[in-house]
Amino acid sequence: MLDVIYDSQFTEHTTGDDHPERPARLAAVIEGLTAGGCPPARYQLPTIVDRAALARVHDESYVALVERVCEKLPDYFVAELPTGDATVGHDSFRIALLAAGAAVDAARRARADRPVFALVRPPGHHAEPARGMGFCLLNNVAVAAQSARANTGATLIVDFDYHHGNGTQAWVERALSDGGAPLGFISTHAYPAYPGTGAFSESHTADGGFMIDIPLDLSTPTHDFIGAWSMLLPPLAAKLRPSTIVVSTGFDFLEGDPIAGLPVGIEAVDALCGLLGETAAAYGAGLAFVLEGGYSLPNLHASARTLARSFGEGAGRVHVPSGHMPHNPQLRGMIAEVLSWL
Ligand SMILES: [Zn+2]
C-alpha cells in the first residue's frame with residue numbers, strides 16, 4: 001500500500017503564467033494516483049519542517065534571504081530569487097517549509113512494505129546549501145535524508161530526474177566529509193543539460209558511502225535507462241545496507257516532457273518501482289518518494305498511476321527487471337568502473 005502526504009497549500013506556490021512548474025502538475029498526479037487505486041481520502045497532511053533540521057542542510061543566512069524576498073512581495077506578484085532561476089510568490093517560503101516537512105515526514109513514516117509519497121511543490125534537488133535555483137528553494141530530499149540518517153542510520157538517495165541533483169550532491173559531499181552513518185547518492189541525468197554538473201568524473205566512493213553520477217547521452221533509450229539502474233542499484237544498495245531510501249522522484253526523464261525528456265517510455269517507471277521495492281524489501285528499508293520535476297501532465301498522470309499500482313494491491317505482480325548491461329559503450333564503461341570500486 002502506498003501512503004501519500006499532501007497539502008492543498010502546495011498549489012498556492014505561485015510561479016506566474018506559463019511557467020512549467022505549475023500547480024496543475026499536482027492535479028495530474030492526484031488523478032493518476034486515484035486511477036492507480038490510491039484516492040485522496042487516504043492522504044495525510046504534512047507537518048512544517050523543524051527549523052533546526054533545516055539548518056543542518058541550509059545556511060541560515062540563505063533561509064533568511066528566501067523568507068525576506070517572499071515576505072516583501074505583494075499578493076499576486078512573483079519574482080526571481082537573487083541566487084538563481086527560481087520564481088517565488090508571497091507565500092512560497094511558507095509553502096517550501098511545508099514541502100520540506102512533508103519529505104521529512106515521508107522518510108520517517110515509510111516502511112519497506114508501505115512506501116510513502118510526498119506530493120510536493122516546490123521541488124528541491126537543485127537547491128544547494130546557500131543557493132536556490134532551478135525552480136527549487138529548499139532541498140526537500142536532503143533535509144529528509146539528513147533527518148533519516150541521524151535517526152535511523154544508513155541512508156540511500158536515489159535521483160532519476162532528467163536533471164542532475166546538484167544541490168543534493170553538494171549536501172551529500174559535505175555530509176560524507178563530516179562523518180556519521182553510511183550515506184549514498186546515485187543519480188542518472190541527461191548530460192549535457194541543465195545545470196551542467198554531474199560528469200562521471202564527480203563520482204567516487206568514500207569512507208562510509210558513495211556519490212555516483214551517471215550522465216546519460218541525450219539519445220539514451222528505455223533499454224539502456226532500465227539497464228543502468230538494474231546493474232547499479234542492487235550492488236550499491238548492498239554496499240550501504242540502507243535503513244531508509246529517499247527518492248528524488250522526477251518524471252521529466254520520460255519522452256514527451258515539454259522542457260526535458262529522454263527517449264524513455266513509461267515502462268521505465270514500472271521498472272524503477274520494481275527495483276526500488278525489491279531493494280527496500282531486501283534491507284527492510286523505508287522507501288520514501290519525494291516529487292521533483294516532470295512537466296508533461298499526461299506523463300505525470302501515467303507515472304503516478306504506475307506508482308500507486310506498483311505498491312498497491314497488485315504489488316506482488318510487479319515485474320523486477322533482471323540486471324542487463326546497456327548497449328551504449330560509454331554507459332557500459334561507467335557501470336563497469338563503478339562495479340570495480342565495490
Ligand atoms: Zn528535472
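Scroll up to find the structure.
Residues numbered from 1 in each chain as written. Predicted model: local features only at pLDDT ≥ 70, side-chain atom pairs only at ≥ 80, totals over all residues.

(A) Structural context of the overall build of the protein chain. Scanning the protein chain for helices and strands turns up 10 helices and 10 strands. Taken against the 2.2 N^0.38 rule, which gives 20 Å for 342 residues, the C-alpha radius of gyration of the protein chain at 18 Å falls within 12% of a compact globule. Judged by the C-alpha coordinates and their principal axes, the protein chain covers about 55 × 45 × 35 Å. Here the protein chain holds 342 residues, and 56% of them are scored as buried. (Helix = DSSP H or I, 4+ residues; strand = E, 2+ residues; numbered from the N terminus. Rg over C-alpha atoms; globule rule 2.2 N^0.38 Å. Buried ≥ 20, exposed ≤ 12 C-beta atoms within 10 Å, placed from the backbone.)

(B) Representation of the nonpolar core within the structure. If you look at the biggest cluster of nonpolar residues, it comprises 112 residues, and the most contacted ones within it are A103, A106, A118, A144, V246, A288 and V290. Among the elements that make up this core, the one with the highest residue count is helix α4 (residues 92–109) (12 residues). Contact partners of A118, with chain neighbours within four places excluded, come to I5, A102, A103, A106, A288, F289, V290 and L291. (Core = buried A, V, L, I, M, F, W, Y, C linked by C-beta atoms within 7 Å. Contact = placed C-beta atoms within 7 Å.)

(C) Region of interest: helix α6 (residues 166–178). For α6, with 13 residues, the first-to-last C-alpha span of 19 Å sits near the 18 Å given by 1.5 Å per residue. Looking at α6, one finds that the buried residues are N166, G167, T168, Q169, A170, W171, V172, A175 and L176. Where the residues of α6 are buried, they touch α5 (140–152), β5 (155–159), β6 (183–190), β7 (204–206), β8 (209–216) and β9 (244–249). Directly after α6, the chain includes G179, whose backbone phi takes a positive value near 80 degrees. (Expected span 1.5 Å × (residues − 1).)

(D) Highlighting the environment of Y76. Assignment of secondary structure puts Y76 in the loop between α3 (60–72) and β2 (79–80). Overall, the presence of 9 C-beta atoms within 10 Å leaves Y76 in the exposed class. Along the primary structure Y76 and T15 are separated by 61 residues, whereas in three dimensions their C-alpha atoms are 9.8 Å apart.

(E) Summary view of the packing of α4 against α5. Packing of α4 against α5 brings their axes to within 8 Å, and their N-to-C directions diverge by 40 degrees. It follows from the interaxial angle that α4 and α5 lie oblique. Two packed elements cross with a definite hand, and for α4 against α5 that hand is right-handed. Contact residues: A99, A100, A103, V104, A106 and A107 in α4; N140, V141, V143, A144, S147 and A148 in α5. A per-class count over the contact of α4 with α5 returns 10 nonpolar, 2 polar and no charged. (Axes fitted to C-alpha atoms, helices over the stretch in contact; angles between N-to-C directions. Parallel < 35°, antiparallel > 145°, perpendicular 65-115°, else oblique. Left-handed = near helix turned anticlockwise from the far one by under 90°. Nonpolar A, V, L, I, M, F, W, Y, C, P; charged D, E, K, R; others polar.)

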